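These are the residues of each chain, in order.
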Amino acid sequence: MSKTLFEKIIAREIPANIVYEDDLVLAFRDVKPQAPVHALIIPKKPIPRIAEATPEDHKVLGHLLIKAAEVAHKLGLDKTGFRLVINNGPDAGESVPHLHCHIMGGRSMAWPPG
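J.: Explain unusual backbone geometry here, please?
T.: Glycine aside, the phi torsion of most residues is negative, and most peptide linkages are trans. Along the chain, Trp 111 connects to Pro 112 via a cis peptide bond; the corresponding omega equals 0°. Along the chain, the position of Pro 112 falls in the segment after strand E5 (101-105). The backbone of Arg 12 shows a phi angle near 65°, a positive value even though the residue is not glycine. Tracing the chain through its elements places Arg 12 in the loop between helix H1 (5-10) and strand E1 (18-21). Take Arg 12: its relative accessible area is 44%, and that puts it in the partly exposed class.

This is the structure:
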């Protein structure tokens, strides 16, 4: 099976503007930002989407959310607010079958989102 775009970024086969990395997750700026500040945080373990996560993934999923908040702080979004988005499936806007969380901010976000 071929690697996803995100697996290639993790393996450094494709360059990315990395803003955070540890043993479990990698965060980088989105190449097609939908907000003035837009980064993605992904687990290094290839989980296709949140609906396919298992109970054994609880550690990485919790870590992903904690680190998403830390990345938002690092990017200066904690004072005015930020949005975390996880898409699941094509109708939700999922374009890469590797679980990822969008970290967006730097402008007012409307509700409902889409």
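Back to the text.
J.: How should the environment of Leu 99 be read in this particular structure?
T.: Among the secondary structure elements, Leu 99 is positioned in the loop between strand E4 (82-85) and E5. The exposure class of Leu 99 is buried, given its relative accessible area of 2%. It is 9.2 Å that separates the C-alpha atoms of Leu 99 and Phe 6, two residues lying 93 residues apart in sequence. Filtering out sequence-adjacent residues up to four positions away, Leu 99 remains in contact with Ile 42, Pro 43, Ile 47, Pro 48, Arg 49, Ile 50, Leu 61 and Ile 86.

J.: Help me out: how do you make sense of a nonpolar patch on the surface in this one?
T.: Residues Ile 50, Leu 65, Phe 82, Leu 84 and Ile 86 make up a contiguous nonpolar surface patch of roughly 370 Å² in combined accessible area. With respect to the element layout, Phe 82 can be found in strand E4. What makes Phe 82 partly exposed here is its relative accessible area of 34%.

J.: Would you take a moment to explain the pairing of strand E2 (residues 25-29) for this structure?
T.: Consecutive side chains of a regular strand alternate in pointing toward one face of the sheet and then the other. Among the five residues in E2, four count as buried, and that is most of the element. The pairing of E1 with E2 spans three bridges and is antiparallel. By the bridge assignment, Tyr 20 is partnered in E2 with Ala 27. Counting the residues that bridge the hairpin from E1 to E2 gives three residues. In this sheet, strand E3 (residues 37-43) lies alongside E2 in antiparallel orientation, the contact comprising five bridges. Looking at the pairing, Leu 26 lines up with Ile 42 of E3.

Cut-offs applied
Residues numbered from 1 in each chain as written. Predicted model: local features only at pLDDT ≥ 70, side-chain atom pairs only at ≥ 80, totals over all residues. Heavy atoms only, no water. Helix = DSSP H or I, 4+ residues; strand = E, 2+ residues; numbered from the N terminus. Buried < 20%, exposed > 50% of the residue type's maximum accessible area, 1.4 Å probe, protein only. Contact = heavy atoms within 4.5 Å. Patch = residues over 30% accessible without salt bridge, like charges linked within 9 Å, V, L, I, M, F, W, Y side chains within 5 Å. Areas by Shrake-Rupley, 256 points an atom, 1.4 Å probe, with all protein chains shown as cover. Salt bridge = Lys/Arg side-chain N within 4 Å of Asp/Glu carboxyl O. Pairing = 2+ DSSP bridges.

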